[in-house]
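# Report on the structure
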Amino acid sequence: MTPSLSDAIDILTRLVETPSFSKEEAATASLLADVLEREGCVVERIGNNVIARHRCNIADAPWMVLNSHHDTVRPGGGWHTDPHAAVNDGTRITGLGVNDAGGALVTMLMTFLALRSSTAWNHHVMFVGSCEEEISGTGGIDRLVREGVFDGVAVACVGEPTGMKMAIAERGLLVLDCTARGRTGHAARNEGVNAIDVAVDDIAWFRSKPFARMSEVLGGVQMTVTQIQAGQQHNVVPDECRFVVDVRVPDVYTHEEVLAAVRAQVASTVEPRSMRLRSSAINANHPLVQAGRRLGMESYGSPTMSDMALMPPIAKLKIGPGDSARSHTPNEWLGLDELQNGLEQMSRLTREFLGTTQ
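Since the structure is predicted, the reported quantities are computational estimates derived from the model, not experimental observations.

## So, the overall build of the chain
Of the regular secondary structure elements, the chain holds 8 helices and 18 strands. Expected size for 358 residues packed as a compact globule is a radius of gyration near 21 Å; at 23 Å, the chain falls within 12% of this value. Here the analysis covers contacts within the chain between residues at least 6 apart in sequence; of these, 80% occur between residues at least 24 apart. Carbon and sulfur atoms provide 48% of the accessible area of the chain, an area that totals close to 15500 Å². Taken as two groups, the 32 positive and 43 negative side-chain charges of the chain have centres that lie 3 Å from each other.

Structure, rendered in structure tokens:
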């Protein structure tokens, strides 16, 4: 039985109209907990994470997690409506977080509630509404892993806007703070060693696409210089130039391999901000992926990162209604037809995987 579209719209509207910036999600956590408790679920709160469980009739069965996040970025300029007013024109809802990831969150929530009508599954099922996803914070999935919530979990569906295509892999993220060093001098006399020149040579190496191995699904390592800062005044040769490199790491490299290669090739000092955000992939022959393919679902490798990066090394699939290109943009929207399709497809996928299509 497909979850109700009208109920999904009601919950999604309430979520949009409840501000939930990262680390400020207490109100939406309470909203999710209230919905679950009204349906008879036992709810666990760990910080602003909301957890509910449903056991199948196999005592030692593994767990399947249905997850999405309820935090949002802060709205930028360019909105034509109040970002926290869920504007429903009959074909779409416009509002902050409706696409990323309100639609996916409601889809996972409603799917979980519908699955509670039976215990004839081959996995126990857990709903996790997580916080701090937009900042990869330590209070979200990271905290749940540390506190043992993922113990016994074999597979997870992570709700993000994928157009209901199956993202079977996603790149990891490695942010590098680089410092090129020179020696100050007077610009008019061509003295010193210009740290900008050192940085330019290093940046040219980053642009040369030096990593040879290619992932079948994700392609190669992608490195982009995103920030640069140097110099204090026009007539002084700068002795320091700082720049930041955004590195997207596919599943054919580890963060350690990429970092070691960078440090061996550039003159700048290189410090990673974090080594936590790893690439993720699910085997293309995993029963969950095969279940989706039997239903005609497409698969792809995702260039964007999600809470999959912080989960333990279990099978993880990213999926949900909406379009990633709308995320973090003014006038963010989700089509009601997209939400309906998400509810239908997620219900079919989970039931196909969990052992029955009734």
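What follows picks up the thread again.
## Some thoughts on the nonpolar core
Counting 56 residues, the largest nonpolar core has L36, L66, F112 and L349 as its most contacted members. Ranked by residues supplied to this core, first place goes to helix α3 (residues 98-115) with 9 residues. Once residues lying within four places of it in the same chain are set aside, the contact partners of F112 are L36, C41, A52, R53, H54, L66, V125, M126 and F127. Counting 24 residues, the second largest nonpolar core, distinct from the first, contains A199, F206, F211 and V270.

## Focus: the sheet that holds strand β5 (residues 92-94)
The strand order across the open sheet formed by 3 strands is β4-β5-β18, and the pairing between neighbours is antiparallel. Both outer strands of the open sheet, β4 (87-88) and β18 (333-335), are each paired with one neighbouring strand and no more. Pairing of β4 with β5 involves 2 bridges; the strand directions are antiparallel. Residue pairing for β5: N88 is matched across the bridge by I93. Sitting on the sheet, α3 touches β5 and β18, and the angle it makes with β18 is about 40°. Against the sheet, helix α8 (residues 336-354) contacts β4, β5 and β18, and its axis sits at roughly 65° relative to β18.

## Looking at empty space enclosed by the protein
The final tally for this structure, using the stated rule, is 1 cavity of 30 Å³ or more. Lining the largest cavity we find 16 residues, and of these L15, S20, H70, T72 and G97 sit closest to its centre. Secondary structure elements with two or more residues in the lining of the largest cavity: α1 (5-16) and α3. The greatest single-element share of the lining of the largest cavity, amounting to 4 residues, is contributed by α3. For the lining of the largest cavity, the class distribution of residues is 5 nonpolar, 9 polar and 2 charged.

## Quick notes on the layout of surface pockets
What the largest pocket holds in volume is close to 480 Å³. Lining the largest pocket are 21 residues; nearest its centre among them are E133, E134, T304, M305 and H328. Among the residues forming the lining of the largest pocket, the class breakdown is 7 nonpolar, 7 polar and 7 charged. In terms of lining, the second largest pocket is formed by 14 residues, of which the most central are S4, D7, E39, M110 and L113. Residue assignment for the lining of the second largest pocket shows that the elements contributing at least two residues are α1, α2 (26-38) and α3. It is α1 that provides the largest number of residues to the lining of the second largest pocket, a total of 4 residues.

## Things to note about the packing of α1 against α3
At a closest axis distance of 10 Å, the pairing of α1 and α3 adopts a crossing angle of 135°. Here α1 is positioned oblique relative to α3, judged by the angle of their axes. The element α1 and its partner α3 pack so that their crossing is right-handed. Where α1 approaches α3, its residues D7, A8, I11, L12, L15 and V16 are matched on the opposing element by V98, G102, G103, L105, V106, L109 and M110. Of the residues contributing to the contact of α1 with α3, the split by class is 10 nonpolar, 2 polar and 1 charged.

## Considering the packing of α1 against α2
Direction vectors running N to C along α1 and α2 enclose 160°, while the axes themselves pass 10 Å from each other. As far as their axial angle goes, α2 and α1 are roughly antiparallel. Crossing of α1 over α2 shows right-handed handedness. The segment α1 lies against α2, with I11, R14 and L15 engaging T28, L31, L32, D34 and V35.

Analysis parameters
Residues numbered from 1 in each chain as written. Predicted model: local features only at pLDDT ≥ 70, side-chain atom pairs only at ≥ 80, totals over all residues. Heavy atoms only, no water. Helix = DSSP H or I, 4+ residues; strand = E, 2+ residues; numbered from the N terminus. Rg over C-alpha atoms; globule rule 2.2 N^0.38 Å. Contact = heavy atoms within 4.5 Å. Areas by Shrake-Rupley, 256 points an atom, 1.4 Å probe, with all protein chains shown as cover. Lys, Arg positive; Asp, Glu negative; His and termini not counted. Charge placed at Lys NZ, Arg CZ, Asp CG, Glu CD. Core = buried A, V, L, I, M, F, W, Y, C linked by side-chain atoms within 4.5 Å. Buried < 20%, exposed > 50% of the residue type's maximum accessible area, 1.4 Å probe, protein only. Pairing = 2+ DSSP bridges. Axes fitted to C-alpha atoms, helices over the stretch in contact; angles between N-to-C directions. 1 Å grid on protein atoms, 1.4 Å probe; cavity = no way out; pocket = protein on both sides within 12 Å on 5 of 7 lines; lining within 4 Å. Points joined across faces, edges and corners; volume = space filled by probe spheres on them. Nonpolar A, V, L, I, M, F, W, Y, C, P; charged D, E, K, R; others polar. Parallel < 35°, antiparallel > 145°, perpendicular 65-115°, else oblique. Left-handed = near helix turned anticlockwise from the far one by under 90°.

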